[in-house]
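# Architecture and fold: a report
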Amino acid sequence: MPFVTLIVLCEVAFWVLLAAGLALRYPAKKPRMGAAVLLCEPLLEVVLLVVTAIDLKNGAEPDWKHGLAAVYIGFTVGLGHSTIRWVDARVAHRFAGGPPPVKPPKYGMERAAHEWRVAARWTVAAVTALALLQAAIWYVGGDGDVTSLQSWQQKMLLVIGINVVIAGSYTVFPKREGAGR
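Below or above, wherever it landed, is the structure these notes cover. A quick note: this is a predicted structure, and the numbers were derived from the prediction, not measured. (Residues numbered from 1 in each chain as written. Predicted model: local features only at pLDDT ≥ 70, side-chain atom pairs only at ≥ 80, totals over all residues. Heavy atoms only, no water.)

### Description of the overall build of the protein chain
Broken down by element type, the protein chain carries 6 helices and 0 strands. When the elements of the protein chain are put in sequence order from the N terminus, they spell out α-α-α-α-α-α. With 181 residues in all, the protein chain has 35% of them scored as buried. When contacts within the protein chain are restricted to residue pairs at least 6 apart in sequence, those whose partners lie at least 24 apart make up 71%. Surface exposure of the protein chain reaches about 10,900 Å², of which carbon and sulfur atoms provide 68%. (Helix = DSSP H or I, 4+ residues; strand = E, 2+ residues; numbered from the N terminus. Buried < 20%, exposed > 50% of the residue type's maximum accessible area, 1.4 Å probe, protein only. Contact = heavy atoms within 4.5 Å. Areas by Shrake-Rupley, 256 points an atom, 1.4 Å probe, with all protein chains shown as cover.)

Here is the structure:
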């Protein structure tokens with residue numbers, strides 16, 4: 001199976017497991033079974049990580065696909081839980097009579113604090129990807145061409161930088177209520 005197909009299948013499986021877990025949780029009224037399905041999400045990352053390592057061990061030249069796998073795993077580590085919580089709150093409200101989802105604050109330092117939490121999640125995602133990419137570089141050793149993996153590392157540093165700049169801008173220039181009206 002082509003490596004890119006596995007990455008796409010893992011992404012599709014993430015959303016299928018999420019939908020199945022929430023369907024069991026709310027319409028089927030089986031919250032424990034739904035939680036068990038949702039807890040299977042990290043297994044997708046383990047499978048992808050193992051297959052990536054095997055692919056590199058079997059002599060595959062590291063390229064953008066291996067970098068994409070690391071980024072996908074990083075995204076799930078840093079943002080998977082908050083994504084599931086976000087979707088869960090909306091499904092609970094829409095289909096199970098739950099309270100309306102809490103919206104992020106719009107103004108002031110509360111908004112800045114919210115943006116720093118978002119930046120922290122993205123930073124965890126990017127640092128996880130950076131670590132996996134570095135592990136792959138070390139795994140391949142000096143014999144292989146690792147420029148594509150290093151390129152992904154640069155992109156992850158850019159992700160961190162962008163998120164810090166956004167959060168910092170809300171701190172230095174807090175949005176004020178009534179501004180822009």
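### Some details on the layout of surface pockets
Here the largest pocket is characterised by a volume of approximately 500 Å³. Lining the largest pocket are 17 residues, with Ser82, Arg85, Trp86, His114 and Arg121 sitting closest to its centre. Put simply, the parts of the chain that give the lining of the largest pocket at least two residues each are α4 (64–96) and α5 (108–140). Residue contributions to the lining of the largest pocket peak at 7 residues, all from α4. By residue class, the composition of the lining of the largest pocket is 9 nonpolar, 3 polar and 5 charged. By volume, the second largest pocket amounts to about 280 Å³. Forming the boundary of the second largest pocket are 13 residues, of which Leu38, Glu41, Pro42, His81 and Ile84 lie nearest the centre. Mapped onto the lining of the second largest pocket, the elements with two or more residues apiece are α1 (3–25), α2 (31–38), α3 (41–57) and α4. With 5 residues, the top contributor of residues to the lining of the second largest pocket is α4. For the lining of the second largest pocket, the class distribution of residues is 7 nonpolar, 3 polar and 3 charged. (1 Å grid on protein atoms, 1.4 Å probe; cavity = no way out; pocket = protein on both sides within 12 Å on 5 of 7 lines; lining within 4 Å. Points joined across faces, edges and corners; volume = space filled by probe spheres on them. Nonpolar A, V, L, I, M, F, W, Y, C, P; charged D, E, K, R; others polar.)

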